Amino acid sequence: MIQLGQYNTLAILRETPQGLYLGDSEGNEVLLPGKYAPKEFKIWDELQVFVYLDHEERPTATTLQPYIQLHEFGYL
């Protein structure tokens, strides 16, 4: 299960013009936009990404490090 607001280790499933689709062992998928995709990769490589909801409430992945994660406190 993909956890929102936390780091997830997900496999690369396929490449599209928008970016890479990553998935877990349960068949859940999330988009990693092209600007965050690694330059070199192979299908089924695993990436550690942070998953959040974008401005349209869609799950999205990023390789950027967040200031805080779900259930944590921090100064913003």
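Here, the structure is the one placed above.
Below, the structure is looked at part by part.

Let us now look at the overall build of the protein chain. Across its full length, the protein chain holds zero helices and five strands. Ordered by position from N to C terminus, the α and β elements of the protein chain give β-β-β-β-β. Expected size for 76 residues packed as a compact globule is a radius of gyration near 11 Å; at 12 Å, the protein chain falls within 12% of this value. With the C-alpha coordinates aligned to their principal axes, the bounding extent of the protein chain is approximately 35 × 25 × 25 Å. Long-range pairs, those at least 24 residues apart, make up 50% of the contacts in the protein chain with a sequence separation of at least 6.

Glancing now at the nonpolar core. One finds Ile2, Leu10, Ile12, Leu20, Leu22, Val30, Leu32, Tyr36, Leu47, Val49, Val51 and Ala61 forming the largest nonpolar core, which totals 12 residues. Of all the secondary-structure elements, those providing two or more residues to this core are β1 (7–16), β2 (19–23), β3 (29–33) and β4 (46–53). If one sorts the elements of this core by residue count, β4 sits on top with three residues. Excluding its chain neighbours within four sequence positions, the residues that come into contact with Leu22 are Leu10, Ala11, Ile12, Leu13, Asn28, Glu29, Val30, Leu32, Leu47, Val49 and Ala61.

Conventions we followed
Residues numbered from 1 in each chain as written. Predicted model: local features only at pLDDT ≥ 70, side-chain atom pairs only at ≥ 80, totals over all residues. Heavy atoms only, no water. Helix = DSSP H or I, 4+ residues; strand = E, 2+ residues; numbered from the N terminus. Rg over C-alpha atoms; globule rule 2.2 N^0.38 Å. Contact = heavy atoms within 4.5 Å. Core = buried A, V, L, I, M, F, W, Y, C linked by side-chain atoms within 4.5 Å. Buried < 20%, exposed > 50% of the residue type's maximum accessible area, 1.4 Å probe, protein only.

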